[in-house]
Amino acid sequence: MNNTERGTQTFIPVFDGHNDVLLQLWEQHRQNPEQAFLQGPASGQMDLPRCQQAGFAGGLFAAWVPSPRFDAASVPDPQIDARFLLEGTQKHPDFSPTPSFESARDTTLAMMAFLLRIEQQSQGAVKICRSAADIRGALASKALAVVMHIEGAEGIDPDLYTLDVLYEMGLRTLGPVWSRPNIFGHGVPFKFNTSPDFGPGLTDLGVKLVQACNRKRILIDLSHLNEQGFWDVAKHSDAPLVASHSNAFALCAQSRNLTDKQLAAIKETQGFVGVNFATPFLREDGKNSPDTGTEDYLRHLDYLVEKLGEDHVGFGSDFDGAPMAPFMRDVSGLPVLIEAMRKSGYGEPLIAKIAHQNWINVLERTWGE
């Protein structure tokens, strides 16, 4: 796969494992999301012009439903699933409220429709990809390769009818939970110096969802599951274990990061981890600090390559969804990180693997096409 030329610079194409640009479009540009993304400037860290300038060639575009604002006086609230408000109307201290199925379904479908409309209006500059061949074709033609993803399955019903609809729309990867409980399982909170071993894992419906995803060859994303949920997926899934945007717990004791035992299980299944660019998940002190630099990113890359092998690590930026280092203020920071990899001793073949090849390969192993 050739490098991408932008002006006088040549960038290695980046296929990235996670962004929340749909959330930004939903919250800031709902009246005309297509124009905001295709023409820019969008309010957050990504739009098509900036992606093209930075060599951002594609990735998993997440539909994530924001947590409803909690007000005890308003419960019952149709936007909140009251089953997950512990002790009646008391908010759980470690989790934000879980949206109701109806509100989550409507928001998820709307965000997926954004992507359909963006593709339709892009004149070939954006391609929704349903296979690894689609991704490779999009990168070869310099179209933005978009994979539909949902982060937290609150918009999927117990009978999984919505899953069938989303699959036909183009959904190919799915995280059963975000960091809050739902009918499919329990998430891991955002806590520093806390183990990811935090409560129960998948529910019976969660096992049913995993098995349905296996049949459809939908990738199951482990990044927001707690540790028990991780092991439940490992037990019931026949697909590679993938965490789209997580880091190493041994280097940053953030509950969202992965332990060495989890990394060993991912390696055993020929799975994958995408390095999360969020500063609190990178730094040893777990802080969101402007002192964060490329060395913090490289520390996790080095460690994950050591633990998983060079074919099983890539990027899972979390653009538009997390605080990042000053040099990574938006997608324009990607060439800075790649240049830092070069200076640190990463050769061009390994950089190409981490930048895009490993993601495409694990999707191909999961999708079977």
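So, here's what we can say about the structure. All values derive from a computational prediction rather than experimental measurement.

## Some details on unusual backbone geometry
So, step 1. Here the amide bond leading from G40 into P41 is cis, since omega sits at -5°, within 30 degrees of zero.
So, step 2. Relative to the helices and strands, P41 is located in the loop between helix 2 (33–39) and helix 3 (48–54).
So, step 3. Positive phi is not limited to glycine here, since N193 has a value of about 55°.
So, step 4. Among the structural elements, N193 can be located in the loop between strand 7 (171–175) and helix 7 (204–216).

## What about the layout of surface pockets?
So, step 1. Each pocket or cavity is described by its volume, and for the largest pocket that value is around 270 Å³.
So, step 2. What lines the largest pocket is W26, E27, R30, V65, P66, S67, P68, R69, Q79, P99, S103 and T107.
So, step 3. Taken together, the elements giving at least two residues each to the lining of the largest pocket come down to helix 1 (21–28) and helix 4 (101–121).
So, step 4. Space inside the second largest pocket adds up to approximately 200 Å³.
So, step 5. The wall of the second largest pocket is formed by 17 residues, among which W178, F190, D318, G321 and A322 lie closest to the centre.
So, step 6. Across the lining of the second largest pocket, the residue classes tally to nine nonpolar, four polar and four charged.

Rules used throughout
- Residues numbered from 1 in each chain as written.
- Predicted model: local features only at pLDDT ≥ 70, side-chain atom pairs only at ≥ 80, totals over all residues.
- Heavy atoms only, no water.
- Helix = DSSP H or I, 4+ residues; strand = E, 2+ residues; numbered from the N terminus.
- 1 Å grid on protein atoms, 1.4 Å probe; cavity = no way out; pocket = protein on both sides within 12 Å on 5 of 7 lines; lining within 4 Å.
- Points joined across faces, edges and corners; volume = space filled by probe spheres on them.
- Nonpolar A, V, L, I, M, F, W, Y, C, P; charged D, E, K, R; others polar.

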